[in-house]
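# Examining the three-dimensional arrangement
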Amino acid sequence: MSRKVPALGREELAAEVADLSQLNIDELRDRWKAMYGKAPSRKIGRSFLTRAISYRLQERAYGGLKPSTSRLLAKAVEESATGSSNKPLNRMAQSGTILIREWQGTAHRVTMLDDGVSFNGKRYRSLSEVAREITGSRWSGPRFFGLRTQVTESNHAAS
């Protein structure tokens, strides 16, 4: 779906966004209040104010998110706030990613491969095998290397 703005509108929008860099912090706060309906937190810095105002200007010119996308984001925020999501939040390490884990004062470096893991010049089928090699006991490799938290592991085991 392509949203078009007349050429003049684009130029005006570009000029308005560019002009934000000339405003001082109090002027940016006033601009935020005018656009969002309430004053921003005093903790919000100049960079964020500028980006948020720029986004709102573009949103007004080109249109905002589709309603379905807004609902999806609202649901994700609600689940995050209440911790009610059933889906485990797994971080995935792609091929070429280097994971470093300190264990008993020694930093251990692992490189993720398409078909396994490289550790100390040797290939392993999984992070769990490497974790076992390092610790001498059975570990969840993704958990040992920080790709899953204990809560995620519990949720993952339950599904």
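These figures come from a predicted structure and were not determined experimentally. (Residues numbered from 1 in each chain as written. Predicted model: local features only at pLDDT ≥ 70, side-chain atom pairs only at ≥ 80, totals over all residues. Heavy atoms only, no water.)

## Re the pairing of strand β1 (residues 98-103)
Operational definition: Pairing between two strands is assigned when DSSP locates at least 2 bridges connecting them. Helix and strand definitions follow DSSP, with helices as H or I runs of at least four residues and strands as E runs of at least two, each counted in order from the N terminus.
Here β1 pairs with strand β2 (residues 106-113) via six bridges, running antiparallel. When the bridges of β2 are listed, tryptophan 103 appears paired with threonine 106. Counting the residues between successive antiparallel strands, the hairpin from β1 to β2 contains two residues, one of them, glutamine 104, with a positive phi of roughly 50 degrees.

## Let's talk about the nonpolar core
Buried together is how nonpolar side chains tend to be arranged in soluble globular proteins. To be explicit about the condition: We define the nonpolar core as a collection of buried residues of types Ala, Val, Leu, Ile, Met, Phe, Trp, Tyr and Cys that are connected through side-chain atoms lying within 4.5 Å of one another. The rule is simple: take the accessible area with a 1.4 Å probe, protein chains only, and divide by the maximum for that residue type; under 20% is buried, over 50% is exposed, in between is partly exposed. Working rule for contacts: check all heavy atoms of both residues, and any pair within 4.5 Å makes them a contact.
Ranked by internal contacts, the top residues of the largest apolar core, which has 14 residues, are Leu99, Val110, Val117, Leu127, Val130 and Phe145. Elements that contribute at least two residues to this core include exactly β2, β3 (116-119) and α5 (127-135). Considering every element that reaches this core, the biggest residue donor is α5, with four residues. Beyond its immediate stretch of four places on either side in the chain, valine 130 contacts Val110, Val117, Phe119, Tyr124 and Phe145. Of all hydrophobic cores here, the second largest spans 10 residues; its members include Leu20, Ile44, Ala52 and Ile53.

## Brief notes about unusual backbone geometry
The phi torsion at glutamine 104 lies on the positive side, around 50 degrees, for a residue other than glycine. Following the sequence through the fold, glutamine 104 ends up in the loop between β1 and β2. Residue glutamine 104 is classed as exposed on the basis of its relative accessible area of 71%.

## Observations concerning a nonpolar patch on the surface
To be explicit about the condition: Patch membership needs two things, relative accessible area over 30% and no salt bridge, and members are linked within 9 Å if like-charged or within 5 Å if nonpolar (Val, Leu, Ile, Met, Phe, Trp, Tyr). All accessible areas in this document rest on Shrake-Rupley with a 1.4 Å probe, and a residue is counted as covered only by the protein chains that are shown. We count a salt bridge whenever a side-chain nitrogen from Lys or Arg sits within 4 Å of a carboxyl oxygen from Asp or Glu.
A contiguous nonpolar patch, built from Tyr55, Leu65 and Leu73 and spanning about 290 Å² of accessible area, is present on the exposed surface. Here leucine 65 lies in the loop between α3 (46-62) and α4 (67-82).

## Here's the deal with the side chain of threonine 135
This is how it is decided: Contacts described as polar in this section are N or O atom pairs within 3.5 Å, which, within protein, must combine one atom able to donate a hydrogen with one able to accept it, while residues neighboring in sequence count only if both atoms come from side chains.
On the secondary structure map, threonine 135 appears in helix α5. On the accessibility criterion, threonine 135 (19% relative accessible area) is buried. From its side chain, threonine 135 meets the backbone oxygen of alanine 131 in a polar contact 2.8 Å long. Ignoring sequence-local partners within four residues, the contact set of threonine 135 consists of Trp103 and Phe144.

## Considering the packing of aromatic side chains
Under the convention used in this document: Pairing of aromatic rings covers Phe, Tyr and Trp, the last counted by its six-membered ring, and requires centre-to-centre distances within 6.5 Å; plane angles under 30 degrees mean stacked, over 60 mean edge-to-face, and any other angle means tilted. As a reminder, the over-ring test applies to NZ of lysine and CZ of arginine, requiring each to be within 6 Å of the ring centre and within 35 degrees of the ring normal.
Per the counting criterion, the structure on display carries seven aromatic pairs. Taking the centre distance of 5.1 Å and the plane angle of 85 degrees together, the rings of phenylalanine 144 and phenylalanine 145 count as edge-to-face. Assigned by exposure class, phenylalanine 144 and phenylalanine 145 land together as buried. Above the face of the phenylalanine 144 ring, arginine 101 is positioned so that its terminal group lies 4.2 Å from the ring centre.

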